[in-house]
Structures are given as C-alpha cells and as structure tokens.
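Structural characterization, general
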Amino acid sequence: EKGGRRPGARRLPAVRPSTDCEAAMPKVPAGMVDKAGGYAAEGDDDKSDLKRVRGWSVITAGFCLELIGAGLSFPVLPYFALQDLGGKATHLGMMAGFFSLSQAVGAGVFGALSDAIGRKPLILNAFVIAGCGWLLTSLAPSINWLIAARGLAGISGGSIPFMQAITCDMSVATDRASMLALVGASVGLATIIGPAAAALLEAYLGLNRRLILAASGGFGLTAFLIGYWFFVESHPQERRRRQQSLYNNNSNKTLAPYDDAEAAIPLCGGRGAWEGISCVGVSLCCLGKLLTMLCFAVMPATYPALLRDSFGFGDIELGLILFFGGVVGAMTQLCVLTHLMHIAGPHGLVVIGATLLGFGLALEPPLAAALGFQAHLMAVLAFSVGVAILLPGFANLVSLYSTEAHQGWAQGILNSSRACALILGYMCAGVLYDKLGPTWPYLLGGVMALCGGAAAYAAHLLATPV
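Residues numbered from 1 in each chain as written. Predicted model: local features only at pLDDT ≥ 70, side-chain atom pairs only at ≥ 80, totals over all residues. Heavy atoms only, no water.

**As for the overall build of the protein chain**
As a reminder, the rule being used: Put simply, DSSP marks the helices as runs of H or I at least four residues long and the strands as runs of E at least two long, and each gets a number from the N terminus on. Per-residue accessibility, obtained with a 1.4 Å probe over protein chains only, is compared with the maximum for each type, and a residue is labelled buried under 20%, exposed over 50%, and partly exposed between these values. Two residues qualify as a contact provided that any one of their heavy atoms is within 4.5 Å of a heavy atom in the partner residue. Areas reported as accessible are Shrake-Rupley estimates using a 1.4 Å probe. Residue values count occlusion only from the protein chains shown.
On a plain count of helices and strands, the protein chain comes out with 16 helices and two strands. Per-residue burial for the protein chain yields a buried fraction of 53% across its 466 residues. A sequence separation of at least 24 residues applies to 80% of the contacts in the protein chain between residues at least 6 apart. For the protein chain, the accessible area works out to roughly 20400 Å², and carbon and sulfur atoms hold 67% of it.

Here it is in structure tokens:
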C-alpha cells in the first residue's frame, strides 16, 4: 500500500462541499417550504402561491371573528363593571391589569412553544380560551368575579402575536410590512364592527350587557371551529426549532450540549434564543413597545370615566366613538401605512406613530374642558392614527432583528412587553384618575409614548438587523 490506499483500488472523484454537494441536493427556493407545510413564500409556482394566500385568508377570517367578538365588549364591559357591578375606575384598572398579567406570561411561553410545535395549536388555543373567557365574564355576579374571569381569559397570550408570527411565516421581507398592515387593519375592522354592533344591539334590540358579552364568547368559539377545520399549519417541521432537552439521553445529571444553536432552543428563551436574534435590537423594540403601551393603557382604564364625567356619555356613545376610531385606524392601515413605511422606513414609522399617540392622548382632557367635544374628538383621531401605525410597526420592526426560526419567540416577547406595560399602566392610570383627576394620567402617558418612539429610533442607531 502506498499513501494508505490499497493497490488497484479505484480512486473516487473528489467532491467539493461548496459546489458538488450543493448541486446534488434538491433546491428549495428561499422562503419556500415543502408540501408538508403547504405554503411557499417566494420562488414557487402560481398554484402554491395561491394556496398560501388562501391559507392566510382562512386564518385571518377566524382572527377577525374573534376580534369582532372582543369588539362587541369594548363599550359594554366598562359600564358593566361601573354600573351593573358597582365598580370604580380603580376596578377597571385592576380588571385590565390582571388580564394583561396573564397575557404577559402566556405570550412569552406560548410564543416560544409555537416555534417548536407549530402555530395552529397555539392560535386555536387562544381562540377557545377567549371564547370561554367571555362566557365566564357574562356570568360574573360581582366585581371580584369579573376581575378573576378576565385574568383567566388572558392566559393564552392572545391571538395577535400568533397571527403576526403566521404572517411572518407566509411572507418575505419585501411584502411583510404590507401583510402585517392587513393584520392591523383586521384589528381596526373589529373596532369598527364590534362597538357599532354592540351599540345597535343595546339601543334598538334592547339586549342587556350580559347577553352581549356572551355573544362575544360565541364569536371566539366560532373562530376556533373555522381554524380547526380549514387552517393548514404555516410553520412546517423543517423550519421549527426543537426544544432543548434539559438532560441528554446518557445521563440524568449531565446537561445536554447545544449542538445546533439555531435549532435547539429552550422553551422560554435562554442562550440559544439570543444567538438567533439581535439582542440589542429586540431589547430596544420591547422597550419602545412597553413605553408606548403605558401610554395606550390610559385610554381603556379611564376613558369611559372621562366621557361620563366630561360629557355625561354612556356605553352607546362610547361605542360610536370607538367606531369612529376604528374607521380612522383601518383607513390609515389600508391606505397610508405602506406609503409611509416607504418614506420613513420601519424605524421612522414607529417614531411617527408614537408622536401621534402621545400628543393625541395628552390633549384629550384639556381640549374636552376648554373647547368641547368636537376638539376632543380631533385628539382622539390623532390617538387612533398612532395606534393604527404602532401595532404593525413594532411587529415589523422586531421581525428585522430575528431569524425565521425565531419569529414566534420574538413576537411573543414583544407581546409580553406590551402585556407588562398594560399591567402597570391600567392599574396606575385608574388610581391616578380617581386621586388626581384626568390631567395627570393623560399627560404622563403622552410623555411615555414619546420616550417609546425614541427607544425605537435608538434601535436604528445601535442595532444591526439579522
């Protein structure tokens, strides 16, 4: 033998991994998944692309139904607590705070879990828990029961982060902002149809608040049935992260190694998760989301009381105002958002939304006191436009700082930041309103929104997209 080779042995042709092996492997266009996933994001034929659009449309229809059910409760739930159950603004803050606390836990855990087991089980879980939560809410005999029911309803983490992750699965970077804007428009559509329907049901059909809240639960359960029968998983096995086992198979005491940092990710984050995202970028996005949601929390916690104290309005008037805000938000997302995104960029878009949100909120009480309802409504318009921009704006922004395998985890962490802000914001806003009046919570909320916009712009300066 010479050189370690048997005499007469036939030499095998050399294989260069970078060329020959790649040529021998089946080609999968960027963004495409195989037939097991059922979707293709780019580079596939028209038939697969049509299948992807249909799948996204099916789950969006269910998502809209669940949100319309929630929208039915928007004008009814605050006055159900204030008038039927004898609560105060502080109780409204506690109710919303406990709901957000459970969402903060659920969004982080279930968002990461959706990266490992798929999106479909988790969004269906969100639909059914939302439906059952509204049914429990409609049966509440006391304010404490109501607070507990809303806390249980939020444990799924909500359907919005899963819908955003599904949209990221089914889109490429060039059209992701537009598709996320459509998700935001779905939320706006819910705030158009739901509150207006609630006002009509109460004013013209005479339905009481408990029946309207029960109808909200019916919408959530219907969304579950639609998703269960018609939605095809958007995150196939090949693109999922596997959960990192705590122990390996050979020992009950030795920690299993991280063989693949991209695939082996602990359920609730950990070292592997941070290797798949930009730590600075995601952290600043979450900080910006937290601060802007502190601003947003002032409205649900205190706005019904502000309308009652300033103008003597009730749930019917609140439903019509929410209808107006929903129309403005949906038109912003459908007609303005994409163009604004091309002009200002993803970071500038968030800064614009935070500015409108902050100034709109801060001006609501003084305009109501000095110039009347019409001027107050203009501040509500600015606030609604800001909310419409920020919902898809932050979702698109955080997607720039995470890989495809980590979209569910990143969107879940972003939504957990939102929920944590709402916990603190709801409770503090209600207490400040009862103790100091409307001026201080609205002014402080406006300042928080401006700081959130600054955090988003800092991500542009300090972080690099992955």
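**Looking at the side chain of Asn-396**
Along the chain, Asn-396 turns up in helix 14 (residues 373-399). Residue classification places Asn-396 among the buried residues on the basis of a relative accessible area of 6%. In contact with Asn-396, other than residues within four places in its own chain, are Arg-176, Ala-177, Leu-180, Met-341 and Pro-346.

**Description of the nonpolar core**
Heads up, the condition is: Nonpolar cores were defined as sets of buried Ala, Val, Leu, Ile, Met, Phe, Trp, Tyr and Cys residues, with membership established by side-chain atoms within 4.5 Å.
If you look at the biggest cluster of nonpolar residues, it comprises 65 residues, and the most contacted ones within it are Leu-146 and Tyr-303. Here Leu-146 is in contact with Leu-77, Phe-80, Ala-81, Leu-85, Met-95, Thr-137 and Ala-140, once residues within four sequence places are set aside. Listed in part, the 23 residues of the second largest apolar core include Ile-59, Leu-113, Ile-123 and Leu-124.

**With respect to the pattern of salt bridges**
The condition is simple: When a carboxyl oxygen of Asp or Glu lies within 4 Å of a side-chain nitrogen of Lys or Arg, that pair is called a salt bridge.
One pass over the structure, following the stated rule, counts five salt bridges. A salt bridge links Asp-84 to Arg-209; its shortest N-O distance comes to 2.8 Å. With a gap of 125 residues between them, Asp-84 in helix 3 (residues 77-84) and Arg-209 in helix 9 (residues 209-230) connect regions that are remote in the sequence. A residue is classified by how much of its surface remains accessible, and Asp-84, at 43% relative accessible area, is partly exposed.

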